[in-house]
Amino acid sequence: MAAAIAALCAPAAQAADMNGIANAAVVRPNTLIKTDDLDFGTLISGTTGGTATINPVTDARTTSGGVTPVGTAARRAVFQGTGGILLITVSGSTSVTLTRAGGGAPTMTASLVRAASTSGGGIALLGGTLLPSGVQTYYIGGTLTVPANQPAGDYSGTFTLTVNYL
């Protein structure tokens, strides 16, 4: 009888629900989509200027001079495209100017570096052309020049990647 009383007094089972998100991108031939933005992450500007660099091939961040990285939220930009019969030409911005949200501060400039890979494998730095093979992935990294004592704030700017499918 004691077991029956214990079973009646046991707490009721509970369930917890949590929603997830499912995403997909469907592209047509000869298209280009952005899947990630270039992000130099959080940085501390010291009493001397310096740089923060995102490697487009390895996605690694390095800093120099008076710049100190904080956290790990830095990443290269990633674009994906499909198409091309004979070859693909790649061009676009070679630099980007970052302006502080709300203004009132000096801007910063980043020089950009492009790299690419295809679904066939391999990564190559891009000088201009790439032989098509399935899906092409384009990586954008660069070096951000951070002046000494740069005012705190959120900085952003836009750049362009142009892919011509021939």
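Look above for the structure.
What this report covers is the structure whose coordinates are included nearby.

Reading the values: rules and limits
Residues numbered from 1 in each chain as written. Predicted model: local features only at pLDDT ≥ 70, side-chain atom pairs only at ≥ 80, totals over all residues. Heavy atoms only, no water. Helix = DSSP H or I, 4+ residues; strand = E, 2+ residues; numbered from the N terminus. Contact = heavy atoms within 4.5 Å. Phe/Tyr/Trp six-rings, centres within 6.5 Å; stacked < 30°, edge-to-face > 60°. Lys NZ or Arg CZ within 6 Å of the ring centre and 35° of its normal. Buried < 20%, exposed > 50% of the residue type's maximum accessible area, 1.4 Å probe, protein only. Polar contact = N/O pair within 3.5 Å; in protein donor to acceptor, adjacent residues only side chain to side chain. Core = buried A, V, L, I, M, F, W, Y, C linked by side-chain atoms within 4.5 Å. Salt bridge = Lys/Arg side-chain N within 4 Å of Asp/Glu carboxyl O.

1. Concerning the overall build of the protein chain
Regarding its fold elements, the protein chain presents one helix and 12 strands. Its helices and strands taken in sequence order, the protein chain reads α-β-β-β-β-β-β-β-β-β-β-β-β from the N to the C terminus. Long-range pairs, those at least 24 residues apart, make up 67% of the contacts in the protein chain between residues at least 6 apart in sequence.

2. With respect to the packing of aromatic side chains
In the structure shown here, the tally under the stated rule is one aromatic pair. Residues F79 and F159 carry aromatic rings whose centres are separated by 6.3 Å and whose planes lie at 75° to one another, so their mutual orientation is edge-to-face. A residue pair is termed long-range when its members are at least 10 positions apart, and F79 in strand β4 (residues 77-82) and F159 in the loop between β11 (155-156) and β12 (161-165) qualify at 80 residues. The ring of Y139 is capped by R76, whose NZ or CZ atom sits 3.9 Å from the centre of that ring.

3. Comments concerning the side chain of T137
In this structure, T137 sits in strand β10 (residues 135-146). Among the residues examined, T137 registers a relative accessible area of 9% and is labelled buried. Polar side-chain contacts of T137 include one of 3.2 Å to the side chain of Q80. In this structure T137 touches V78, F79, Q80, A115, A116 and S117, once residues within four positions along its chain are discounted.

4. A look at the nonpolar core
The nonpolar side chains of a soluble globular protein tend to be buried with one another. Core analysis: the biggest nonpolar cluster contains 25 residues, and F40, Y138, L144, L161 and V163 have the highest contact counts within it. Where this core is concerned, the elements lending two or more residues are β2 (42-54), β4, β5 (88-92), β6 (95-100), β7 (108-118), β10 and β12. Beyond its immediate chain neighbours, meaning those up to four positions away, V163 contacts L32, I88, T89, V90 and Y138.

5. Some remarks on the pattern of salt bridges
Per the counting criterion, the structure on display carries two salt bridges. Two residues, R75 and D36, come together in a salt bridge whose shortest N-O distance is 3.8 Å. Here D36 lies in strand β1 (residues 31-36) and R75 lies in the loop between β3 (61-70) and β4, a separation of 39 residues in the sequence. For R75, a relative accessible area of 32% corresponds to the partly exposed category.

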